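Below are the chains, spelled out letter by letter.
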Amino acid sequence: MGNVSEDRVASISRSDLPVMRELTVSNHLLGDRKALDVAWERDGYWFFRDVLDKNAVTRFRSVYIELLAEHGVVTADDPYARYTGASLETFPFRMEPLVARQPWKPFVAEKPVHDFFTYLLGDEPFWVPTVEYRAVPPADDHNRSPFDF
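Just so we're clear, the structure is a prediction, and the values are computed from it rather than from any experiment. (Residues numbered from 1 in each chain as written. Predicted model: local features only at pLDDT ≥ 70, side-chain atom pairs only at ≥ 80, totals over all residues. Heavy atoms only, no water.)

A. A look at the nonpolar core. Counting residues in each nonpolar core, the largest one holds 16 residues, and the members touching the most others are Tyr-64, Leu-68, Phe-91, Met-95, Leu-98, Tyr-133 and Ala-135. Looking at this core, the elements that each hand over two or more residues are helix 3 (54-70) and helix 5 (104-109). Per-element accounting of this core gives the leading share, five residues, to helix 3. Setting aside residues no more than four positions away along its own chain, Phe-91 makes contact with Leu-68, His-71, Val-73 and Ala-135. Within the second largest apolar cluster, seven residues are counted, among which are Leu-36, Ala-39, Phe-116 and Leu-120. (Core = buried A, V, L, I, M, F, W, Y, C linked by side-chain atoms within 4.5 Å. Buried < 20%, exposed > 50% of the residue type's maximum accessible area, 1.4 Å probe, protein only. Helix = DSSP H or I, 4+ residues; strand = E, 2+ residues; numbered from the N terminus. Contact = heavy atoms within 4.5 Å.)

In structure tokens form, the structure reads like this:
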């Protein structure tokens, strides 16, 4: 976006935003390299649902939830991780404590996760350590832009 002023960002309404369509799910293309290549050229991405090992995802999620619970913004045993209403004054929105824990490393090293990406890519995956975690509190203003610049 370049150098867009905060005033300009605040003035953007939903009607100013491009219409975002649902992502095209590519699950049915798994196992068909030619079809995956065509989808990549057409869409510029692959989007899969429910292909990663659920236990690995649960373990990864638990690290995230643990940090949120430490800050009191969720209750550790709430399966929906609903916001508790706790003050966000000192909450680390850039998630520095999570970055320091590097939970992505054990996640991508899990055999089912590693195997999926090896299969998808047709080669050993190489992980670029550019990870950004985010936490966004519930929005009171539903007219606010869904895009976070």
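B. Seen up close, the side chain of Asp-43. Tracing the backbone shows Asp-43 in helix 2 (residues 33-43). Here Arg-42 takes part through its side chain, which lies 2.8 Å from a polar atom of the side chain of Asp-43. Excluding anything up to four places from it in sequence, Asp-43 contacts Arg-21 and Thr-24. (Polar contact = N/O pair within 3.5 Å; in protein donor to acceptor, adjacent residues only side chain to side chain.)

C. Geometry of the pattern of salt bridges. Using the criterion set out here, one finds eight salt bridges in the structure. The salt bridge partner of Glu-110 is Arg-59, with a shortest N-O separation of 2.6 Å. Pair noted here: Glu-110 is in the loop between helix 5 and helix 6 (111-121) and Arg-59 is in helix 3, with a separation of 51 residues, a long-range link. Accessibility expressed as a relative area gives 43% for Arg-59, which makes it partly exposed. A single salt-bridge network, built from bridges that share partners, covers Glu-66, Glu-70 and Arg-101. (Salt bridge = Lys/Arg side-chain N within 4 Å of Asp/Glu carboxyl O.)

D. Spotlight on unusual backbone geometry. Even without being a glycine, Ala-81 presents a positive backbone phi close to 50 degrees. For Ala-81, the location among the structural elements is in the loop between helix 3 and helix 4 (96-101). A relative accessible area of 22% means that Ala-81 is categorised as partly exposed.

E. Seen up close, the environment of Leu-68. By the secondary structure assignment, Leu-68 is in helix 3. In this structure the C-alpha to C-alpha distance between Leu-68 and Tyr-83, which are 15 residues apart in sequence, comes to 9.3 Å. Excluding its chain neighbours within four sequence positions, the residues that come into contact with Leu-68 are Val-73, Val-74, Phe-91, Met-95 and Ala-135.

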